[in-house]
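Spelled out, the chains give:
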Amino acid sequence: MSRLMIIGCGGVASVAIHKCCQNSEVFEAIMIASRTVSKCDALKEKLQPTTKTKITTAQVDADSVDLVALMESYKPDAVLNVALPYQDLTIMDACLKAGVDYIDTANYEAEDTQDPEWRKVYEERCKRLGFTAYFDYSWQWAY
C-alpha cells in the first residue's frame, strides 16, 4: 500500500485521481493538492463514498519550492504531477529536496529546446541523490 500526493485538480488530474481511487489496494491514501482547494474538496466529496482510499486535500502553490513542507508533513511515497507543464521543475526540485519519488504526466520544455544543459543538471542531481531521471526528446515536433 502507498501514499500518493497528486498535484493538480483539473480535467486530466480528475481522471488520474478517479483511476487511483479505483485501486485502493495500491493507493491507501491520496492527497489532492491544488491552487484551488475548493476543487479538491469537491472531488473528494464526490469520490470518498466510492473508495476505500483515504482522501485528503490541501491548497498548494506549485510554483514554489515550499512544496517541500507539504511533502514532509504528508510523507507521500510518490508525487504525481498533473499540474501545468511549466511547474514541472519546481515540483521536481521539491521532490528531490523531500526525497520523494516523482511521476510526471507532462513534459517540461526548456526555452531553448536544443540546449541539453538543463537536462544534464537534473540527470546528475537525480543520479547523485539515487533517483532515476530520463529525459527523451526524440519525439519533439520539428519547428
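See the structure shown above.
Trainee: Help me understand the pairing of strand β1 (residues 2-7) in this model?
Mentor: Put simply, side chains in a regular strand alternate between the two faces of the sheet. Along β1, 5 of the 6 residues are buried, which leaves the element largely enclosed by surrounding structure. The handedness of the β1 to strand β2 (residues 27-34) crossover, carried by helix α1 (residues 11-21), is right-handed.

Trainee: Would you explain helix α2 (residues 37-47) in this entry?
Mentor: Residues spaced three or four apart along an α-helix point in a common direction, a consequence of the helix completing one turn every 3.6 residues. Of all the positions in α2, only C40, L43 and L47 are classed as buried. The arc enclosing the buried residues of α2, seen along the axis, measures out at 70°, which places them on a common side. Away from its buried face, by an angle of more than 90 degrees, α2 presents the exposed residues E45 and K46. Residues of α2 that are buried in the fold lie against α1, β2 and β3 (54-59).

Trainee: Explain the packing of helix α3 (residues 67-74) against helix α4 (residues 88-98) to me, please; I cannot follow it from the model alone.
Mentor: Helix-helix packing is described using two parameters, namely the angle between the two axes and the distance between the axes. With their axes 9 Å apart at the nearest point, α3 and α4 run at an angle of 45° to one another. Put simply, α3 runs oblique to α4. Handedness of the α3/α4 crossing: right-handed. Along its contact with α3, which presents L67, V68, M71 and E72, the element α4 presents T90, I91, A94, C95, K97 and A98. A breakdown of the residues in the contact of α3 with α4 according to their chemical character gives 7 nonpolar, 1 polar and 2 charged.

What counts and how
Residues numbered from 1 in each chain as written. Predicted model: local features only at pLDDT ≥ 70, side-chain atom pairs only at ≥ 80, totals over all residues. Heavy atoms only, no water. Buried < 20%, exposed > 50% of the residue type's maximum accessible area, 1.4 Å probe, protein only. Helix = DSSP H or I, 4+ residues; strand = E, 2+ residues; numbered from the N terminus. Right-handed = clockwise from strand over helix to strand, strands pointing away. Arc of directions from axis to C-beta. Contact = heavy atoms within 4.5 Å. Axes fitted to C-alpha atoms, helices over the stretch in contact; angles between N-to-C directions. Parallel < 35°, antiparallel > 145°, perpendicular 65-115°, else oblique. Left-handed = near helix turned anticlockwise from the far one by under 90°. Nonpolar A, V, L, I, M, F, W, Y, C, P; charged D, E, K, R; others polar.

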